Each structure stands twice: as C-alpha cells, then as structure tokens.
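# Residue-level structure breakdown
What follows is the residue order along each chain.
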Amino acid sequence: MGEIYRKPAVGFRSEEYVRVQSVEEAFSYLKKYGEEARIIGGGITLHELGVMGSLSRVKKLIDIQQLKLDYINSEDRSIKIGASTPVYKIRDHEVFRNVALRALAEASDFVPVQVVNNATIGGEICTGLPILSLPPALLALDSSVKCVSADGERIIPLDNFYVDYFLTELRSDELVKEISIPVPSAKTGSAFKYEKITAADYPMGSVAVRFSIDQRGKCTECRVSTGSLCRIPMRAKKTEKMLEGTDLNKQTLDKAANEISKEIDPISDLRASADYRRRLARVLFVETAEIALNRTKM
Amino acid sequence: MKCMQSKLHINGYDYDVILKPHENLREVLRRIGFKGVKKSCDVGGCGVCTVLLDGRPVYSCCTFAAWAEGKQITTVEGLASPEELDLIQRNFVEKGASQCGFCTPGLVLVAEALLKRNPQPSEAEVRREIAGNICRCTGYVKVVDAILAASKKR
Amino acid sequence: MSELARTELKRSDAVYLGKRISRVDGPEKVAGQAKYYDDVTLPGMLIAKILRSPVSHARILRIDTSKAESMTGVRAVLTGKDIPLRFGFNIVEHFDVEKEKTIPSEEVAALRGLMPEPRPDKPPLAIGKVRYVGDDIAAVAAVDEETAEDALSLIEVEYERLPHVFEPVDAMKEGAPLIHEECPGNIAAHLKGEWGDVEQGFKKADFVFEDTFKTQHQAHCSMETHGCVCNWDGQGNLTVWTSIQVPHMLKREIARALRIPHSRVKILSEYVGGAFGSKTEMGSYHVICAYLAKKTRCPVKLRFTREEEFFASGCRLPFTTTLKTGVTRDGRVTARQVTIVIDKGAYMMQGAAVAFYALTVPMPGLYKPPAYKFDAKIVYTNKLPPTGFRGFGNPQATFAIESQMDIIAEKLDIDPVELRLKNANQPGDLTVSGFQVSSCGLTECIQRAAKAIGWEEKRKNKLPNRGVGLACLFHSSGERGAYGDCDNAIATVKMNDDGSMTLFIGAQELGTGSLTGLTQIAAETLGCRIEDIKAVSGNTDLPTFDLGSYASRSLFISGNAVKAAADNAKNQILKIAAELLTVPAEELDSREGKIFVKSDPNKSLTFKEVAMHAYYGKWKERDMVVGVGSWDAPSTLFDPKIGKWKPPGMAATYTFGCQAVEVEVNPETGNVKVLKVVTAHDVGRVINPTLLEGQLEGAIHQGLGYALTEEIRVEDGKTLVTDFRDYFLRRASDMPPIETILVETNDPYGAYGLKGIGEPAMVPVAPAVANAIYHAIGARVTQLPITRERVIKSLEKND
C-alpha cells in the first residue's frame, strides 16, 4: 500500500458576487457567512490567494463600492481615510505632502502603478501581509482603524491590529470602515524608505520614521516602524524609547541603528536571510531617520 | 453558483455579458474577443493584461469583472487599427519598441495613460511608469525611446 | 547547395540594407492584432490540463481516473499507458514490436563518438515512475479550464516513494538511487576529450590557475507560455498551433510520435511571444494534446500556467566548472583544462547539446589555447530539467573563463584589457578543435568597448566603490550536427500578377526581427520596393524549410537561402523584361521597383508590367516567376579519423564581441548598481541597426539578470518560484544606459557579409559585471547570481 494523492482544489469556486448597498447589508452577509465571505478591496491580494488555492471555500464575494467609503477628510484633530480609498489618491493628496505626514505619501508611491491604481487602503491593511508598504508608514503615524459590525464599532490602534502573518484583529463579522491619522504637532517630520531587489518586487525591508522635536531640537516623540522585515509590520519600540528625549544627531542615530538591528526578530525567505535583514534594518533606519530629521526643520 | 447579467463598457461600447461571480476581467475580455488583452503570468506579476479603467492602468487579471461594471474599460483594440495607428503606436513601430509583441498592448496602454496625465515626462518618470510591465525581449531601451519620442511630437 | 555569387554591396549603394526599416509585423503587434496560439478559438474546443507529481521520486502503483472521467464536462483522461513512447531531443522511441529509432548517418554516428547518443528518456505521461516534483502523470480534456482543473482533483494516484537525490555529487555516489534505470551513477552523459597536450602546456606555463565557478537555474521567462492547440481533420491530418522556434523540426518529431507521414502534420506558428531557446524541441505537452485531440475528436488547447512554465518548460543548465589555465609570465594562455558537473534534473532534453557547445566552441575557442582538455559529467537529479537557453552553454563557460582572466591579470600585474588584446583571436586563426576563424573583429571590439567605458581613466583614478570590468565572447552563427549533417534552409520567392512579391520563409520569427531582415535582403537582391514584398512564415505547409531559429542562425542561414531565391527570381524577371525591352537580359538590372537598361536607365519597366506580361501576356517561355533558393552552411562534422573538425568546423562563421560594464557597489548592503554597459560586436554587416540593437539590448537585460538577480530557487526538490513575484526580473527602471558598438567585418559566408547576432550579447555580461564588482570593492564572487548577500560574504572573507 502506498500513499494516495489527490490534487487540492485551486482557484475561486464562489457562489455569488454581492454588491451591498448599505453597511447593514454587508453585516448580514458577514454575520451569516463569516470566513466564507470576503470583502473586496482592490482585489489584488484576493486574486493572488485565490490562484494559490487558499480561497476555494469562499462563497460570497462582497463588493462595497456602493458604501461610499472612498474619501480623504482633513479634520481638526485627525485625517480620516475611507477604507475604499485607492492608494493613488493617497499618493496624490496634498495633505500627505506635508513633511509631517510625508511617509504615507512615499509609501503610497510604489511600483507598479497598476497596483497603486487599484489597491485600496482597507485592503492594504487587512491582508495581514507584512510585505506591503502602507502599514509601516501608517504605524509610524499612529494610525487607528475603525472596525464596524452589526454589534457596533471599535477603534483599534494599528499598533495592536497585527497578530501574526496573515492574521489581524479583525473578526470575521467585521469590516474596516475608516483609518484615522492624528494631526501631528508642529516640528514633525516623517519619511519612508524601502529596499527592493528589482523595481516591481515587494520590498525586502522597509522602515518608516517619524520625529517630533521641541524648540531646542530635542526629540519629544519618535516612531520607528518596519515592514517586510518581521512576521508583521511592527514598531521598534526599544529603538523609539532610546531616541525620545535625546538630541537627534549622528551619534544617537547610529546607536539607535544598532538597537533596531538587535531588537527585531526578522524572517528568512527567498529575498533575504534574517541576518541580512538585520543589516538592512540598520542601513534603512539611518537613511530614513536622516530624512525625517531634516524634515522636522522644514 | 449565481451567474450575473452584467453590462461592461468597453472601448466606448456596452457589452451585455453573463459573468461567473469570481471571473476576472482578463478572462472575460478575452472570452468576448479582445485577444489583445494577453495572458502571461498567473496573477498580478507581468502587466501584459493591463487595461485602462477610467483611464488608469490596472492589471485586468486581478480585477473582478463584476467590479468593473460602470467603469470605462479601454483595451488596445480601442486605440486604433493596424492601418491607422495613433502617435504612440507609430513611434513604437518606428523605434523598434516591439519585438515578439506579447507585452506590447499593455505597454502601449500604460504609455497612453501616462502621456495624457503627464505630457512631457522625464526618462526616469517613463521608466518608473512602465516598471509594472515586463518585457523580456527589448531590455526596455527602445520602449522608452518610443514613449519619449511620442511625447516630443505632441 | 546552390553556389552563391559573392555580391559586393557598398553601404552607399544599398537601398534597404543597413537602414532602420520599421519591422514588417510592427503595426499588427502594436494594434494588438497579432495572434498567438492562445488566441486561437475553435468551435467545440476543449481545454487540457496536466496532473503533476507532488513528490520527487516515486513508483506509481495505481492511477484511478474513473471519477474524473465521469465528471460532467470531461471528455477524456489519459495516463502513461495511453501513450507508449519515450522521447528526447531529436529522438522518439515507441515501445512495441515496431521500434522506431533515429537512423543516424555515418558522420552523425561518428559525431556521437564525441557527443552522446540522443537519449529518449521522457514518456509524455509517466510510465512506472515520476522523477521530479512537477513530472507529468495524467491529462484531462474538458469543456473549460475550471472543469479541467476540478477534474484533476478527482484523479487518485497511489505511489510508493523512492529515495531521491537532489545534488549531482550525491547522485553520482555509490549506491545512490537510480533515476533512470539504464544510467549507472545517474550519469546521463560523460563528455571527455583532449586536443593538444595539456600536461606540456602546464609545464610551459609560468603560472597555473585553478578556480571553480557555479551558475544557477535561469528561467527564460518568455512572455508567452508554452502550449499548443491541436486539431485533427477527418482524414488524419493534424494541425498544431504552437509557440515554437523550430516548426519544421517539431513537425518531424510530432509525426514520429504519432507514427504518421510528416506531411500530415502542419505546424502554425506565425507569432511567437518570446522563446530564447526554451522552444526548440517537442514537449510532452505537444504529444499529450495531439492524443487528447485524437481521442475526443475535438480541437484541444493546452497552455502552461506561469507556475508550470517555471519548472516544466526547461531552464538554463547550471554548471559547476573547475577551470585550470596555464599562462606565461607575459600573459599568454598555454593550456586550458576544464572539469564540469552539470545538474541535469530529471530528464535530458537538450543537455548534451548544450554541454557539447560549451565544450567545443568557447572553451577551446576563446583566446585559442594551444592545448585543451575537457571532462564534463551530465548528471540526473530529482529536480526540474533544464534545457537550451540563449548562449547555449556559452554564458556558463565564459563566466568561468573571463572571471579567471581577471584573476590572472591581477596576479601577473597586467591590465585586463592588455591581457585580452594579447590573447585575442585573429582572422585566420585555427583553434585546437579545428575551427577556422574567417572574419574576426575581436581586437577592434575590445579597443572600442574599453574606450567607450572610459577604461583608462576609471582604472587610473578609481573612485570609491566604483569599478569597471570587461569580458569577451567567442560564439558562432549556426551550428552543425544537432539534427544530422546539415545546417540549412530553403526559401521561395513568387511574383504575383500585380508585380508584388511574396516571400516564403522557413525561418521562424520570434520577435528577433528575422522576418524583417530577410525581407530587406529579398528586396535589396530583387531590386523591388520593400513595401511590395509580403513575407510569410510560420507555416510548415509553405514551400520552405529551415531547421529553426536558434544558434543565432536565422539571418545567417535563411539569409543566404532568401538571397539565393531572390537571385533566382530576379534572373527570371530580367528574362521576361528582356523580351519586353528587346535587349539581352545581361544588360538589365533592377532597383527600387524598376527594371532598367544599365546603360540607359530611362529605358525601364515596372515590376507590374513584367508581371502582367508573365501572367496574361505573350511571354514566350510561359513559366511564372518562382525563385527557389537553399543554402547549407559549409560547416563540418567532427571527423573521428583525425579526432577533430575539418575547417571551418561546427559553424561556417564565428562571432566575437566585448562588453565593458561600470558598477557602483554599496558595501553596506551589497547592492550592485550597474551604471553603464557598453557592448561591442563583430556583426559582419549591419542589416537593420534598430533590430540589431534590439537583440543586443534584450540580451544584456537577460545577462544582467543572470549576473545579479535571477534564479529559480529549488528546495528539497521543489521549485519555490511559482510566479514572477518570486523571480527577480529587472524592470525598466532597473536598466542602465546601454551603448552599442557595431563592428563590420564583412563575413565571407553570410549574405552581404552579415553574421548572426541573436545570442552573443548574452554571453559576457556576467563576467564583465563580476570583474567590475571586483574592481569596485575587491569582492570576487564566483557563484551566480551575484546577490547582495554573496557580495557581503565575499567582503567578509576578505577582512
């Protein structure tokens, strides 16, 4: 007797494509079908997963374009981005040209343009993939996510949103409605940098840095986040603490660069080994931090 | 499986189609007869299936066909015929930007969208914009030449 | 073989040659109207899918296809027992009472003394066992793709795992599991030989260098994946639409696989979406598809997904090369000895031919070592099977030769350019293997490439982290022996009744522009206007022949066939014109659509007038204008009596070139930024600068990928790359500026002096880059691709 092999199913085998007209209608599908329903952002990651065979049990595809979640609203205390906002609109929007928020504009300006035109911020956040560009930039800007369901709504700081590779805090009966970014204080600068093997590749590693400084140039607030380096997009909190309250100069930044390299627990994959990612974290941090620092003075 | 009656607006005309819920736009367009939408990789990697959605290039293989309802879809067939090529296409031919031709429709569409949005791009901007399209034959040299030449002639 | 009149054509006299003529198939391609096999849709067409092995090595105990067969929408399911044959490159072997084997000619058999017997080791669908993850087990034809996919999941395979080997060194060990029972030690082929006396050569040397170099699996990444549409008519004729470089050879192989006369197979391949060497042989998919079409009596389409393309379509052979070179104090090569181990994966495909080319062309050719010895083992492993790829073993060989030359240059304290110039091949050289170099522009290529990159300045005043490196190449136009004692083509020219011409070509247009180049040659030779010629190819029912478009041979071999056909047609046209103009034909010539009296050009006729007379007038000889031309290169086969080739050798003509590269390396990240590539080539004669540059630029793109980023990673026998996201191809914004330098050396054999140019630019990229990196930061990486981590490791080794 030998081993038996039957090829696993691949592709989509869905039952229905639903264009929901209201949030409530969306909730009813999510409540009823849970993991067998999927909200469509731009559709790119869904198709990638589908081709790989991960979505053969998904029955309902939920199109939320009618929910009018495509907006960028600048309010007094925060900027609110609807979940269906395509990445190209974030890339082009004037509010993110501000040096304080520039990291998000830079993270939204990636190659290929076809994905930038199609992907939505909701999709970018919800996939739970660490290799996308927006999450680390959003982390550095202290973003939070409004998740809504039939049972109400909850605001989750993005910092608490990622659990593991492909796993977020989002429940199967919830959908992401909006991302909120607090308006930063004056004398804030942010930057985002990545390293890729070839131009259209996913990054091997990315770093986003935000500094706020006081009148005397001391760092009052620091955020350092990484993407593509670890299992989830995450903040390097030890590195942040090391820099808060200090003067930001070559010595302090170099010291922090060594810290980030030690602090992260990087992954090994086709693109790079964990060791290389540690090296990359250091190099990227120094480059990104320098730019963010310069921007605090603008 | 609930198939849907749908209306897709392609190259200026309405097409009544019956869609499976998960069918992607690349499959549907080819099925209707738009063979200029090519199929090379499995999903989202090469750009030969690029179409314009409301004037912006997207990968049709990663777009649900139903999702595209109500939007303007442009394929290479919507640009011109071989006898009366448009400016960008003529430059592609003259400059040798097409070799095996498989990636050409996608590249032409990206170029069309780029020059509409940014009529005088720099070489770096052109290269970045077409970086989502793989060409294995040309090394991109003459593709960039053709797009820059077309931009100068406008 | 028709004798060619050597036509001298001054550049200033040429109407079309040397001009940037727009490619004839350009408008269709940019309008999206060019149709490839996947664009073919026939009524009742079925879609085929292949079930593939999930394990590396296993004996198949049982395959139950009953559930798949009874699924709604499934029309046929096949397994190995339905297709009782095995095939390999150039051989099909049926196993039943009537065995059909290739019948080699005497010379070819002698060639085999050096090159191994063709190896029929692949059944289209597994018989008995599977040998790598991805191996073909069963095939389904169904009404649509989704049904076919679902049907695959209903096929049940029971297997017994066998021990596997993934590395050649393990596969060759005593007691290693046999992948092909008839191959002890898993050695698919062992090529050995010596010309001259290397022991003496090493004794004469002042220094002997020995270094090992490793290259990787590189994917062709043709944008159009492999596949075909097969359709039988009611009378036993098969039409195959497919993407192929060798339509006539494919016709032969498919006919042999199906045991029908060759004329009953028609291959249609008007447009090919890239090939680069991966589409020069019949594949299992052709046979499977033809059998499914026969069984269902419907047209059947089989298309590889991109995932299948990465492991099942063949990739570049990885070489581990140990190169031992002896040099005198002043840098002359005295002996070269090479030991190569090749990871052949589960099946041979073109493995022997690739190794053979590397061992007999660049290795004894480049810098003409007076003594040369080789020993190459092609070893089976339980992994994806590689095959031919642009350069055909030459990039692998030249990576070793040219990396080592820089190591030698440093030790001897000789400038790398000086070292190349000292050893450069010259016109008239005879290599130890018997290859006679006729035209050769290598010295000029080296000098001009070095100048264009700014060699002197950049070596004298080196900038931190920046470096320049250089490498040369020795390649051929065409090659004799792959299919027999031949390297040939036929072309036909017909005049239509309105004076326009139809040119029937056997060469296959792959995107390289050979269709356009051949049309230019025809127009120039005929003296007609180029817009009045329609070129037709990609159909084996046409009155043409060509072994195929590979080995940089299309313009070279078919160019001469086209020229001969055009010369032939022109003579007939002049005879008819002579009757109309009442002058002897010798006093006439033709140019740009007019036939005129040489001494009185105002006395002229149009091609149309001649055609009307020939077709509908009182042309006394009554025969139509049809010119047929053929050409077989005057190359030779290996002669066992003398132990080498008689001149000119495996090809009539050899090609040369030199590439220089400037890089900037980031020592912290190991990132290599290529700042500029200069490529100088001995092209014989430029037929179309745009198309020629296109070949060089495209080859450099592939070469840079080969050098720095491309690799099909395999782990535990499983191919990890499933789509382009995991295979790092350079994009438009990753490409450096490329400067092309074309050196015309007026080859004695090519039409109007041309040489083939499809492959050469691929060959020296990797060593030029490796040498530039060494100059930049002192990191010598001897394994491809030169990834960031390898650069860092090499730097750390230095510390």
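The shown structure was predicted, so the numbers you read here are calculated from the model rather than taken from an experiment.

As a further point, take the overall build of chain C. Check the secondary structure of chain C and you find 21 helices and 33 strands. Computed over its C-alpha atoms, the radius of gyration of chain C comes to 27 Å, within 12% of the 28 Å expected for a compact globule of 799 residues. With the C-alpha coordinates aligned to their principal axes, the bounding extent of chain C is approximately 85 × 75 × 55 Å. Classification of the 799 residues of chain C by burial places 63% in the buried group. Residue pairs in contact within chain C that sit at least 24 positions apart in sequence constitute 80% of those at least 6 positions apart.

With 47 residues of chain C at the interface, the matching set in chain B holds 43 residues. Ranked by residues supplied to the side of chain C that touches chain B, first place goes to helix α19 (residues 689-709) of chain C with 7 residues. Partitioning the side of chain C that touches chain B into residue classes produces 17 nonpolar, 17 polar and 13 charged.

Residues and elements named next belong to chain B. Packing of helix α2 (residues 87-95) against helix α3 (residues 104-117) leaves a shortest axis separation of 10 Å and a crossing angle of 130°. Taken together, the axis directions place α2 and α3 in an arrangement best described as oblique. Taken as a pair, α2 and α3 cross one another with a handedness that is right-handed. When α2 is examined against α3, the residues Ile 88, Gln 89 and Phe 92 are found in contact with a partner set consisting of Thr 104, Val 108, Ala 111, Glu 112 and Leu 115.

Note on strand geometry: in a regular strand, side chains alternate between the two faces of the sheet. Residue and element names in this part refer to chain C. A large share of strand β1 (residues 46-52) lies buried, amounting to 7 of its 7 residues. Sheet topology note: the β1/strand β14 (residues 300-303) ladder contains 3 bridges and is parallel. Within β14, the position partnered with Leu 46 by the bridge is Val 300.

The next thing to look at is the domain arrangement of chain B. Residues and elements named next belong to chain B. For chain B, the assigned domains read domain 1 (4-78) and domain 2 (87-153). Taken together, the contact pairs 15 residues of domain 1 with 12 residues of domain 2. Elements that contribute at least two residues to the side of domain 1 that touches domain 2 include exactly β3 (50-53) and β4 (56-59). In terms of residue count, β3 provides more of the side of domain 1 that touches domain 2 than any other element does, 3 residues in total. Split by residue class, the side of domain 1 that touches domain 2 holds 7 nonpolar, 6 polar and 2 charged.

Counting residues at the interface gives 29 residues for chain C, matched by 23 residues for chain A. Breaking the side of chain C that touches chain A down by element, the ones donating at least two residues are α4 (145-152), β8 (156-161) and α21 (788-798) of chain C. With 3 bridges joining them, strand β1 (residues 3-5) of chain A and β8(C) adopt antiparallel strand pairing. Residue pairing in the sheet places A:Tyr5 in a bridge with C:Val157 of β8(C).

A few words now on the sheet that holds β1(A). Strand order in the open sheet made by the 4 strands is β1(A)-β8(C)-β2(C)-β6(C), with antiparallel pairing throughout. Edge strands, defined here as strands with exactly one partner in the open sheet, are β1 of chain A together with β6 (129-130) of chain C.

Residue and element names in this part refer to chain A. Relative to the helices and strands, Ala 119 resides in the loop between α5 (113-118) and α6 (121-126). Remark: the alpha-carbon pair of Ala 119 and Gly 245, spanning 126 residues in sequence, is separated by 38 Å. In this structure Ala 119 touches Gly 41, Gly 42, Ile 44, Pro 86, Val 87 and Glu 124, once residues within four positions along its chain are discounted.

Right, let's talk about the domain arrangement of chain C for a bit. Residue and element names in this part refer to chain C. Per the domain assignment, the segments making up chain C are domain 1 (319-481 + 638-798) and domain 2 (488-632). Using C-alpha coordinates to define each centre, domain 1 is positioned 39 Å away from domain 2. With 22 residues of domain 1 at the interface, the matching set in domain 2 holds 15 residues. Of the residues belonging to the side of domain 1 that touches domain 2, the class tally is 7 nonpolar, 12 polar and 3 charged.

Residues and elements named next belong to chain A. Within the secondary structure, Ile 291 sits in helix α10 (residues 274-296). Residue classification places Ile 291 among the partly exposed residues on the basis of 18 C-beta atoms within 10 Å. Note: C-alpha distance between Ile 291 and Arg 210 (81 residues apart in sequence) is 9.7 Å.

Now for helix α1 (residues 23-33) of chain A. Residue and element names in this part refer to chain A. What α1 keeps buried is the set Ala 26, Tyr 29 and Leu 30. End-on, the buried residues of α1 take up no more than an arc of 95°, which puts them together on one face. Facing away from the buried side of α1 by over 90 degrees, the exposed positions are Glu 24 and Lys 32. Tucked into the core, α1 has its buried residues touching β2 (16-19), β3 (37-40), β4 (60-63), β7 (144-149) and β11 (175-182). Directly after α1, the chain includes Gly 34, whose backbone phi takes a positive value near 50°.

Let us look at the confidence of the model for chain C. Detail in the predicted coordinates should be disregarded across regions flagged by low pLDDT. Residues and elements named next belong to chain C. Across chain C, the average pLDDT comes to 94, with 97% of residues at 70 or higher. Predicted confidence for residues 103-110 stays below pLDDT 50, and this span has 12 contacts to residues more than four positions away or in other chains. Quick note on the complex model: pTM equals 0.97, ipTM equals 0.98.

Before going further, it helps to examine α2(B). Within α2(B), 7 of the 9 residues are buried, leaving the element largely enclosed by the surrounding structure. Listing the buried residues of α2(B) in full gives B:Ile88, B:Gln89, B:Arg90, B:Asn91, B:Phe92, B:Val93 and B:Lys95. Each element contacted by the buried residues of α2(B) is listed here: α3 and α5 (141-153) of chain B together with α1 (26-30) of chain C. Among the residues trailing α2(B), B:Gly96 stands out with phi positive, at a value near 75°.

Turning next to the environment of C:Ala707. Residues and elements named next belong to chain C. Topologically, Ala 707 is positioned in helix α19. You can call Ala 707 buried: it has 27 C-beta atoms within 10 Å. Along the backbone, Ala 707 and Ala 58 are 649 residues apart, and their C-alpha atoms lie at a distance of 35 Å. Discounting chain neighbours no more than four positions away, the residues touching Ala 707 are Val 765, Ala 766, Val 769, Ala 770, Leu 784, Pro 785 and Ile 786.

Here we come to the pairing of β3(B). All names here are of chain B. Burial of β3 is two-sided: the residues Thr 50 and Leu 52 facing one way and the residues Val 51 and Leu 53 facing the other way are all buried. With 4 bridges joining them, β3 and β4 adopt antiparallel strand pairing. Across the sheet, Thr 50 pairs through a bridge with Tyr 59, a residue of β4. Two successive antiparallel strands, β3 and β4, enclose a turn made up of 2 residues, where Asp 54 displays a positive phi of approximately 50°. As judged from the 2 bridges shared by β3 and strand β5 (residues 72-74), these two strands associate in the antiparallel manner. Looking across to β5, one finds that Leu 53 is bridged to Ile 73.

Further remarks concern the nonpolar core. Membership of the largest hydrophobic core comes to 421 residues, with the highest contact counts inside it found for C:Ala48, C:Ile288, C:Val769 and C:Ile773. If we ignore the near neighbours within four places in the chain, the residues touching C:Val769 are C:Gly469, C:Val661, C:Val663, C:Val674, C:Ala707, C:Leu708 and C:Ile786.

Below, the discussion takes up the sheet that holds strand β11 (residues 227-232) of chain C. Hydrogen bonds between backbone groups are what pair the strands of a sheet, and the pairing can be parallel or antiparallel. All names here are of chain C. Within the open sheet, the 7 strands sit side by side as β3-β7-β1-β14-β11-β12-β13. Their pairing is mixed. Of all the strands in the sheet, the pair left with one neighbour each is β3 (74-79) and β13 (265-268). Across the sheet, the mean angle separating the axes of adjacent strands is 20° when strand polarity is ignored. Direction of pairing for β1 relative to strand β7 (residues 136-142): antiparallel, over a ladder of 6 bridges. When the sheet's bridge partners are listed, Ile 47 is paired in β7 with Ala 142. Sheet strands in contact with helix α7 (residues 247-258) are β12 (238-242) and β13, and its direction is about 140° off that of β13.

All right, on to the packing of α19(C) against helix α20 (residues 765-777) of chain C then. Each packed pair of helices is defined by two parameters, the angle between the axes and the distance between the axes. All names here are of chain C. Direction vectors running N to C along α19 and α20 enclose 55°, while the axes themselves pass 8 Å from each other. In terms of their interaxial angle, α19 and α20 are classed as oblique. Note that α19 runs across α20; the crossing there is right-handed. Touching Ile 700, Gly 703, Leu 704, Tyr 706, Ala 707 and Leu 708 of α19 are Val 765, Ala 766, Val 769 and Ala 770, all from α20. Classifying every residue of the contact of α19 with α20 gives 9 nonpolar, 1 polar and no charged.

The rules we used
Residues numbered from 1 in each chain as written. Chains lettered and ligands numbered in written order. Predicted model: local features only at pLDDT ≥ 70, side-chain atom pairs only at ≥ 80, totals over all residues. Helix = DSSP H or I, 4+ residues; strand = E, 2+ residues; numbered from the N terminus. Rg over C-alpha atoms; globule rule 2.2 N^0.38 Å. Buried ≥ 20, exposed ≤ 12 C-beta atoms within 10 Å, placed from the backbone. Contact = placed C-beta atoms within 7 Å. Nonpolar A, V, L, I, M, F, W, Y, C, P; charged D, E, K, R; others polar. Axes fitted to C-alpha atoms, helices over the stretch in contact; angles between N-to-C directions. Parallel < 35°, antiparallel > 145°, perpendicular 65-115°, else oblique. Left-handed = near helix turned anticlockwise from the far one by under 90°. Pairing = 2+ DSSP bridges. Domains from an automatic or database assignment. Arc of directions from axis to C-beta. pLDDT = per-residue confidence, 0-100. Core = buried A, V, L, I, M, F, W, Y, C linked by C-beta atoms within 7 Å.

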